[in-house]
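What follows is the residue order along each chain.
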Amino acid sequence: MRTYLIDSESNELIVDLTKTIKHSSKLVEYEFCSLVEGKTIHKESIFIRKLAGNYYCSTDNKAWSKIARQHIPHRLLNIDQVFKVYRGFKPSGLSGGASGELLTQMPGKVVKINVKVGDQVNKGDCVLILEAMKMENEIKTSVDGIVKAVHVHEGDALDSGVLMMEIE
Amino acid sequence: MNIRLDKYKSKRVMIVNRGEIASRVAKACRELGHTSVGLWTDNEPDAAHLEFCDEWVHLEGSGNAETYLNMDKLVDLAKENKIDGVHPGYGFLSENGVFSTKLSEAGIVFIGPHNEAIKVMGDKATSKKLASDAGVPVVPGTSEAVPTVKKALEVSEEIGYPVLLKAVAGGGGRGMRACQSAEEVQKQFEAVVRESTAAFGNGDLLVEKLIVNPHHIEVQIMADKKGNIFHFFERECSIQRRHQKIIEEAPSPFIGEDEELREDICQTAVKLARAVNYDSAGTVEFIMGADKKFYFLEMNTRIQVEHPITEEITGVDLIICMIQSAFGEDLQIPSQDWIKKTGHAIECRICAEDPITMLPSPGVVTGFETNFPQGVRFDHCLYRGLEVTPDFDPMVGKLIAKGLIRDVAIRKMKAALKGLYIEGLKNNIPLHKVVMDDPTFIEGSYTTNYITEVAPQDKIEKDINYVSIYRKLAAAEARNMGM
C-alpha cells in the first residue's frame, strides 16, 4: 500500500509498503521504500514484534527498540516537520497557495494590522502582528507588491491555515 | 485543645491552575492529607491534572479571562466549595495582589506570600527601590515608570546603549525588549506598551541598562509566618530564548566552587526577603556579569517552574513547605544548617514548539512513552490524545536529571531525552539533545546569549529519517493486522 505524507508547506513524501511477511503471530516483517522523483530509494526491512503488549521494531531481527504506543498515526513527526498521513490515497487541493497569499501558520489573535488595501509593501515588511501562545509574532511578507485584500480585522481569533492577506 | 485539633485538621485546597503544576500541587496535598479540589474549564474538559485531584469542580467559561483569571468567579467558587486555601501555581493569578486580598477578605488562605509582599515585589519600580534601600545592588536605570518614548530615549542616552525596555508589571519574559540603538527604542516602545497592557492591564515601562554576556542566577527562598527565612541555594537559568528559560541547573556552574560568592548571593537574597517580611516560597533573581558582580533583577513571589531542581539537590519538597507555611504550620526545617546541597540537577523544559525556530506549535499528541534511567524525574501533563492549544503556554513537561556531579547529570539527561518519545507534536527535544552535546554547555561557561550566539538549533539534523518513519508506519500496519 502507498502512504502519502504531506506537511504544512506541502512537502510530500511517498512511502510504499512493498512486502509483508508474516513469520509468526508475534513477528512480522515489512519492506518499505520511498518514491523520490520517480525512483524508489531507501529500501528497508522492518521487523515488528509484540512483547508484553508493546510493539518493538528492528531492522535486522537482532537489535530491538520499543515504539512509543500511539494511535494509528494521522500525524508523523520528523524533527521540525509534522506530516499528515494519508494511507492509500492522495488528497486533492493541498497545493501551496500563491506566494503573495499570507496564511496563518498557527492559530492566534490579530493584534495589529500595519497596512491597508492599496499599500505598497516590500519583501520583509511587517504587515501584521499575530498573538499566539503568550507572544507577539511579526508576520512579514515574502514578496514585493501591492496589498490587494485584507481578510481579517484587529481582534480576530484565527485558526491555522487561514488566508489573512493577499499581495499582488 | 481546640487549637491543636484545628492545626492538624485536614484542609480543603483549591488549585487555581492547570497542567503540570496543578498535578504537582495535588500530589503534595495528598501527601499532607489535605483534600485537593481541581478545576476544569469548557475548553479543556479533559484536563489531565484532575487525575490527581480528589474533587473536580467545573469552572464555566472558555477563555482565560473568563476562567483562570476571573477573580470574582474563583472566589465565589472557593466559598461555595468551603475551601480553606487556594494554591495559584505559577502564571495566571499567582502574583496578583488583588486576588490574594479578595481571598483573605473572604476568609480564605492564599497559599503564597502576604499581599504587601506581592504588591511591592510585583512592581518592578517599587521592588528596585526597596532593594536598594535594603542595601541590595541593583542594575542602573529608572526606578519609576517612563511615560513617553521621548523620556525613554533621554534615559537611554544617559545610561548608554544597549538598554532594556521592561514592563513594570511584566514577568516570565513577557513585555521585555532589548534595544541596541535609539531607532530600536523608538520602534519597540509602542509594542511593549501594547503587549503589557494586554497581558497585565498595565502599560507602564522601565528603562534599564542591559548587562552584556550576563548570567541569570536566582536564589530560592522559603519562609514561614514566624519570621524564619531559609535559602535553598542558587539556580542558573541562563539558557533562555525570548527571555524565557528553557534549561536550568542547580547549583550554578558559573559560581562553581566559589563558596564565598555563593554564600554572599544567598545571604543577599535572604536580606531582601527579610526586608518585606517574606512568608512563603519565593525566588530572588540576580543578573551576574562576567566580573561576578551581581545585581538584583526581581523577586518572584510564587513557586517557580524550575523549583524541582532545587528540590532534587536539597531533598526538600518546596510545594509542601509552601502549603505548611500558608496554614501557619511548622516547615519541619530545624535550621538553615540542615539544608545541604548534594549533587547537581538539570532541568529541560519540554515545550510544544518548533525545535529550530522555537516558535510555539500547537497540535495533538498521538504517541507518548517514557523510558528513563535512575535519577530522572518528569513532571508533565502529557497523555496520548492531548491537544495542545494556543490558549496556554507551550510548556508540556519538565524533565529533571540528577547526578552526584554535573557530568553525571548531563549523562543522565542525555539518556532521559533518548527515552522520552512524544509523537505527533512538534517539540524541542531535538534542541535539548544538541545542547547536552555542545562543548560550551558541557564546559558550563554559557551566558544568557547562548541561544543567539552559540545557536545550537543550527546543529539539529533536519534530514528526513526514513527508518524512523518506516518504524512508525510498520507499527501502525501491525496494529491494523490485529497483531
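This is a predicted model, so every value here is computed, not measured.

**Student:** I keep staring at the overall build of chain B and nothing clicks. Help me out?
**Tutor:** Summing up its helical and strand segments, chain B has 16 helices and 20 strands in all. On C-alpha atoms alone, chain B measures out to a radius of gyration of 22 Å, which is about the 23 Å that the 2.2 N^0.38 rule sets for 483 residues. The principal-axis extent of the C-alpha atoms belonging to chain B is close to 70 × 65 × 45 Å. For chain B, the residues scored as buried account for 52% of the 483 residues in total.

**Student:** Please explain the domain arrangement of chain A as it appears in this structure.
**Tutor:** By a widely used convention, the size of an interface equals the accessible area lost when the partners come together. By domain assignment, chain A separates into domain 1 (2-87) and domain 2 (101-167). A C-alpha centroid distance of 38 Å is found between domain 1 of chain A and domain 2 of chain A.

**Student:** Would you explain the sheet that holds strand 3 (residues 55-59) of chain B in this entry?
**Tutor:** Note: strands within a sheet are paired through backbone hydrogen bonds, in either parallel or antiparallel orientation. Residue and element names in this part refer to chain B. With respect to topology, 5 strands assemble into an open sheet ordered 3-2-1-4-5, the strand pairing being parallel. Every interior strand has two partners, whereas the edge strands, strand 3 and strand 5 (109-110), have only one. The sheet contact formed by strand 2 (residues 35-41) and strand 3 spans 5 bridges and is parallel. Among the inter-strand pairings, T41 is bridged to a residue of strand 3, identified as L59.

**Student:** Mind showing me how you'd approach helix 2 (residues 19-32) of chain B here?
**Tutor:** An α-helix turns once every 3.6 residues. As a result, residues three or four positions apart point the same way. Residue and element names in this part refer to chain B. In this model, helix 2 (14 residues) spans 21 Å end to end at C-alpha, consistent with the 20 Å of a helix rising 1.5 Å per residue. Of all the 14 residues making up helix 2, 10 are buried; the element is thus mostly covered by neighbouring parts of the structure. Burial in helix 2 covers these residues: G19, E20, I21, A22, S23, R24, V25, A26, A28 and C29. Those residues of helix 2 that are buried lie in contact with strand 1 (12-15), strand 2, strand 4 (85-87), helix 11 (318-326), strand 17 (376-380) and strand 19 (395-403). Remark: G33 follows helix 2 within two positions and exhibits a positive phi of approximately 85°.

**Student:** Even after reading the chapter, I still don't get the interface of chain A and chain B, so can you show me in this structure?
**Tutor:** In this complex, chain A contributes 41 residues to the contact, which on the side of chain B involves 46 residues. Elements that contribute at least two residues to the side of chain A that touches chain B include exactly strand 2 (12-24), strand 3 (27-36), strand 4 (39-51), strand 5 (54-58), strand 7 (75-78), strand 10 (108-113) and strand 13 (135-140) of chain A. Per element, the largest residue contribution to the side of chain A that touches chain B is 5 residues, and it comes from strand 4 of chain A. Grouping the amino acids of the side of chain A that touches chain B by side-chain chemistry returns 24 nonpolar, 9 polar and 8 charged.

**Student:** Help me out: how do you make sense of the sheet that holds strand 10 (residues 229-241) of chain B in this one?
**Tutor:** Residues and elements named next belong to chain B. The 8 strands lie next to each other as 13-12-9-10-11-14-19-17, forming an open sheet whose pairing is antiparallel. A strand with exactly one partner marks an edge of an open sheet, and here the two such strands are strand 13 (294-300) and strand 17. Strand-to-strand twist across the sheet, computed as the mean angle between neighbouring axes with direction ignored, equals 25°. Note that strand 9 (residues 215-223) and strand 12 (residues 281-288) share 8 bridges and pair antiparallel. Bridge pairing links V219 to V284 in strand 12. Across the face of the sheet, helix 12 (residues 406-418) comes into contact with strand 14 (344-351), strand 17 and strand 19 while running at roughly 140° to strand 19.

**Student:** For this particular structure, what's the right way to read unusual backbone geometry?
**Tutor:** Glycine aside, the phi torsion of most residues is negative, and most peptide linkages are trans. Across the junction of Y161 of chain B and P162 of chain B, the peptide omega takes the value -5°, indicating a cis bond. As for its placement among the helices and strands, P162 of chain B is situated in the loop between helix 7 (149-159) and strand 6 (163-171). Cis geometry is adopted by the peptide bond preceding P251 of chain B, which originates at A250 of chain B and carries an omega value of -10°. If you trace the backbone, P251 of chain B turns up in the loop between strand 11 (244-250) and helix 9 (259-275). Phi is positive for H42 of chain A, which is not a glycine, with a value near 55°. Locating H42 of chain A in the fold gives a position in strand 4. Phi is positive for N277 of chain B, close to 50°, though the residue is something other than glycine. Mapped onto the elements of the fold, N277 of chain B is located in the loop between helix 9 and strand 12.

**Student:** Sorry if this is basic, but what is going on with the confidence of the model for chain A here?
**Tutor:** For any part of a model where pLDDT is low, the fine detail of the predicted coordinates should not be relied upon. Mean pLDDT for chain A: 82, with 91% of residues reaching 70 or above. Segment residues 93-98 of chain A is flagged for pLDDT under 50; beyond a separation of four residues in sequence, or across chains, it makes 6 contacts in the model.

**Student:** What exactly am I supposed to notice about the packing of helix 12 of chain B against helix 13 (residues 429-436) of chain B here?
**Tutor:** Describing two packed helices takes the angle between their axes plus the distance from one axis to the other. Residues and elements named next belong to chain B. As a packed pair, helix 12 and helix 13 sit with axes 10 Å apart at the nearest point and diverge in direction by 150°. By the criterion of interaxial angle, the relationship of helix 12 to helix 13 is roughly antiparallel. The chirality of how helix 12 crosses helix 13 is left-handed. Contacts from I410, M413, K414 and L417 in helix 12 reach I429, H432, K433 and M436 in helix 13. In terms of residue class, the contact of helix 12 with helix 13 is built from 5 nonpolar, 1 polar and 2 charged.

**Student:** Which parts of the structure should I look at to understand the nonpolar core?
**Tutor:** In summary, soluble globular proteins display a tendency toward joint burial of nonpolar side chains. I15 and F286 of chain B are the most contacted members of the largest nonpolar core, which has 136 residues in total. Of the residues forming this core, the biggest block, 7 residues, is contributed by helix 16 (residues 466-480) of chain B. Within the second largest apolar cluster, 16 residues are counted, among which are L102, M164, M165 and I167 of chain A.

**Student:** Looking at this model, I keep getting lost on the environment of V152 of chain A. Mind explaining?
**Tutor:** Residues and elements named next belong to chain A. Inspection of the secondary structure puts V152 in the loop between strand 14 (145-150) and strand 15 (157-158). Using a count of 18 C-beta atoms within 10 Å as the deciding quantity, one classes V152 as partly exposed. Spatially, the C-alpha atoms of V152 and V162 are 9.4 Å apart, while their sequence positions differ by 10 residues. With residues up to four places along the chain from it excluded, the contact list for V152 reads V110, L158 and M164.

**Student:** Can you walk me through the confidence of the model for chain B in this structure?
**Tutor:** Taken over all residues, the pLDDT of chain B has a mean of 91, while the share at 70 or more is 98%. If you check the scores for this complex, the pTM reads 0.81 and the ipTM reads 0.70.

**Student:** Looking at this structure, I do not really get the packing of helix 2 of chain B against helix 11 of chain B. What am I missing?
**Tutor:** Residue and element names in this part refer to chain B. With their axes 9 Å apart at the nearest point, helix 2 and helix 11 run at an angle of 65° to one another. Judged by the sense of rotation from one axis to the other, the crossing of helix 2 with helix 11 is right-handed. Facing helix 2, whose interface residues are R24, V25, A28, E31 and L32, helix 11 presents I319, I320 and I323. Partitioned by chemical class, the residues of the contact of helix 2 with helix 11 number 6 nonpolar, no polar and 2 charged.

Procedures and definitions
- Residues numbered from 1 in each chain as written.
- Chains lettered and ligands numbered in written order.
- Predicted model: local features only at pLDDT ≥ 70, side-chain atom pairs only at ≥ 80, totals over all residues.
- Helix = DSSP H or I, 4+ residues; strand = E, 2+ residues; numbered from the N terminus.
- Rg over C-alpha atoms; globule rule 2.2 N^0.38 Å.
- Buried ≥ 20, exposed ≤ 12 C-beta atoms within 10 Å, placed from the backbone.
- Domains from an automatic or database assignment.
- Pairing = 2+ DSSP bridges.
- Expected span 1.5 Å × (residues − 1).
- Contact = placed C-beta atoms within 7 Å.
- Nonpolar A, V, L, I, M, F, W, Y, C, P; charged D, E, K, R; others polar.
- Axes fitted to C-alpha atoms, helices over the stretch in contact; angles between N-to-C directions.
- pLDDT = per-residue confidence, 0-100.
- Parallel < 35°, antiparallel > 145°, perpendicular 65-115°, else oblique.
- Left-handed = near helix turned anticlockwise from the far one by under 90°.
- Core = buried A, V, L, I, M, F, W, Y, C linked by C-beta atoms within 7 Å.

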